[in-house]
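Spelled out, the chains give:
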Amino acid sequence: MELRQLEHFVAVAEEQHFTRAAERLSVSQSGLSASVRALEQELRTPLFSRTTRSVRLTEAGRALLVEAERTLAGARAARDAVDAVRGLLRGTLTVGVEQCVAGVSPARLLAAFHREHPQMELRLRQEGTSSLLDGVAGGRLDLAFAATVAPAEWRGELVPLAREPMVLLCAAGHPLAGRAEVAWEELRGASFIDFHPDWGPRRAADEAFAAAGVRRTVGLEVNDVHSLLELVQEGLGIAVVPHHFSRKPEAARLVAVGLAGARRAVYESVVVLPGARSLSPGARSLMRLVREEPEREEPEREEPVRENPVREESVREEPVRENPVREESVRAQP
């Protein structure tokens, strides 16, 4: 079994098409097919179920895919480590990111990284938190910027980035728009707009409603922030979102309302790392830039959301005060 064969196998598995995989790898389709057939013969089992219209992994193929990705990631890490000793950073850095993650600017970080290491190829994958965790665990991602990750979900390293309250967003004409804050029980039966369950803000909202003992139904599910804000603006529902969403230009005509007992509704963002020993040289260099981010601040004391419109603030388990607080960020520890 050769690394080249594993690369061919993984490409076909990801593209689910031999022609597209061959184009991606810049090899002939006949050569790619022969390589996969040789791998199947060596393993004595079919890896793909082929039809005239589709290529699907068999059960054996799914089992091999996990190990093939880890093996290829290890081979890349080995090459990168040797280059790092020689003072070079080459190869590929693959980063995963949630939408609108708080506490860091992935675009600015990657731009700074590219200026320092122009020889490295950058790849970016935008996915939900669960997919990001799987990507780092399987070696498809060097690291990821994710949200609302419970320690039980991840056995590697989690570096805190930011922590902020969740708030209620509604249209200006909504009955709740004039309130300073709203209790969770008052949201029973409301029409909600939210992300698909894998996205961090949805996970944080679901956990907050569960903690408050309030069941809700999400009628409209979206995959991007802008669609969510547009639907709220049109009065099709309300949304419980991280506070920094309310400061986006598209949210200018929306109203952010505080949530009573806001300490139960917290959105946290983190960097997901595979562990210090398995961190690639490129990932270590990017983490240095994360720690040097000019917008990173020392954590502030936490207080609940109060004012309407709501301004960026943090959460503390103390009585409500009419004292607006800025968004809290947490300095990543080395």
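Structural notes, computed from the coordinates.

Rules of the game
- Throughout this document, residue positions are counted from 1 along each chain, in the order its sequence is written.
- In view of the model being predicted, local features appear only for residues whose pLDDT reaches at least 70, and side-chain atom pairs are presented and counted only at 80 or more, with totals across whole chains, interfaces and linings using the full set of residues.
- Excluding hydrogens and water, the side-chain values take into account all heavy atoms of the structure.
- A pair of strands is treated as paired once DSSP finds two or more bridges between them.
- Here a strand is any run of E in DSSP of at least two residues, a helix any run of H or I of at least four, and the numbering for each starts at the N terminus.
- The path from the first strand over the helix to the second decides the hand: if it runs clockwise while the strands point away from the viewer, the crossover is right-handed.
- With a 1.4 Å probe rolled over the protein chains alone, any residue whose accessible area is under 20% of its type maximum counts as buried; one over 50% counts as exposed, and the rest are partly exposed.
- Fitted lines through C-alpha atoms give the axes, limited to the stretch in contact for helices. The angle between two N-to-C directions lies from 0 to 180 degrees.
- An angle counts as roughly parallel when it lies under 35 degrees, as roughly antiparallel when it exceeds 145, as roughly perpendicular when it falls between 65 and 115, and as oblique in every other case.
- Note on definitions: a residue-residue contact is assigned when non-hydrogen atoms from the two residues lie within 4.5 Å.
- Ten residues, namely Ala, Val, Leu, Ile, Met, Phe, Trp, Tyr, Cys and Pro, are considered nonpolar, four, namely Asp, Glu, Lys and Arg, are considered charged, and the remaining ones, Gly among them, are considered polar.
- Only buried residues count toward a nonpolar core. Its members are Ala, Val, Leu, Ile, Met, Phe, Trp, Tyr and Cys residues joined through side-chain atoms within 4.5 Å.
- Working definition: rings of Phe, Tyr and Trp (its six-membered ring) pair if their centres are within 6.5 Å, and the pair is stacked with planes under 30 degrees apart, edge-to-face with planes over 60 apart, and tilted otherwise.
- Counted as over-ring charges are cases with an Arg CZ or a Lys NZ within 6 Å of the ring centre that also lie within 35 degrees of the ring normal.

## Considering the pairing of strand S9 (residues 218-222)
Here is step 1: Pairing analysis gives four bridges linking strand S8 (residues 192-195) to S9, with the strands arranged parallel. Each bridged residue has a counterpart across the sheet, and for isoleucine 193 the counterpart in S9 is leucine 220.
Here is step 2: With helix H7 (residues 200-212) bridging S8 and the parallel S9, this β-α-β connection has right-handed handedness.

## Notes on helix H9 (residues 281-291)
Here is step 1: Within H9, eight of the eleven residues are buried, which leaves the element mostly enclosed by the surrounding structure.
Here is step 2: Residues of H9 that are buried include every one of Pro281, Gly282, Ala283, Ser285, Leu286, Met287, Leu289 and Val290, and no others.

## Looking at the packing of helix H2 (residues 18-25) against helix H3 (residues 29-43)
Here is step 1: In contact at an axis separation of 9 Å, H2 and H3 are set at 105° when each is read in the N-to-C sense. Taken together, H2 and H3 sit at an angle that is classed as roughly perpendicular. Of the residues in H3, those touching H2 at Phe18, Thr19, Ala21, Ala22 and Leu25 are Gln29, Leu32, Ser33 and Val36.
Here is step 2: Broken down by class, the residue content of the contact of H2 with H3 amounts to six nonpolar, three polar and no charged.

## Considering the nonpolar core
One recurring pattern in soluble globular proteins is that nonpolar side chains are buried together.
Here is step 1: In terms of nonpolar packing, the biggest core is built from 48 residues, with Leu143, Phe145, Leu168, Trp184, Leu187, Leu259 and Leu286 touching the most fellow members.
Here is step 2: Sorting the residues of this core by element identifies strand S3 (91-97), helix H5 (106-116), strand S5 (143-147), strand S6 (157-171), H7, strand S11 (254-259), strand S12 (266-273) and H9 as the ones contributing at least two each.
Here is step 3: Sorting elements by how many residues they give to this core places S6 first, with six residues.
Here is step 4: Grouped together as the second largest cluster of nonpolar side chains are 19 residues, Ala13, Ala22, Leu39 and Leu72 included.

## Section: the packing of aromatic side chains
Here is step 1: For the coordinates displayed, the defined rule picks out five aromatic pairs.
Here is step 2: Between the aromatic rings of phenylalanine 18 and phenylalanine 48, the centroid separation amounts to 6.1 Å while the plane-to-plane angle is 70°, which identifies the pairing as edge-to-face. You can see phenylalanine 18 sitting in helix H2 and its partner phenylalanine 48 sitting in strand S1 (residues 48-50), a full 30 residues away along the chain.
Here is step 3: Phenylalanine 48 sits in the buried class, given a relative accessible area of 4%.
Here is step 4: One aromatic cluster is present, formed by Phe9, Phe18 and Phe48 through successive ring pairs.
Here is step 5: Over the face of the ring belonging to phenylalanine 192 we find arginine 216, whose NZ or CZ atom lies 5.1 Å from the ring centre.

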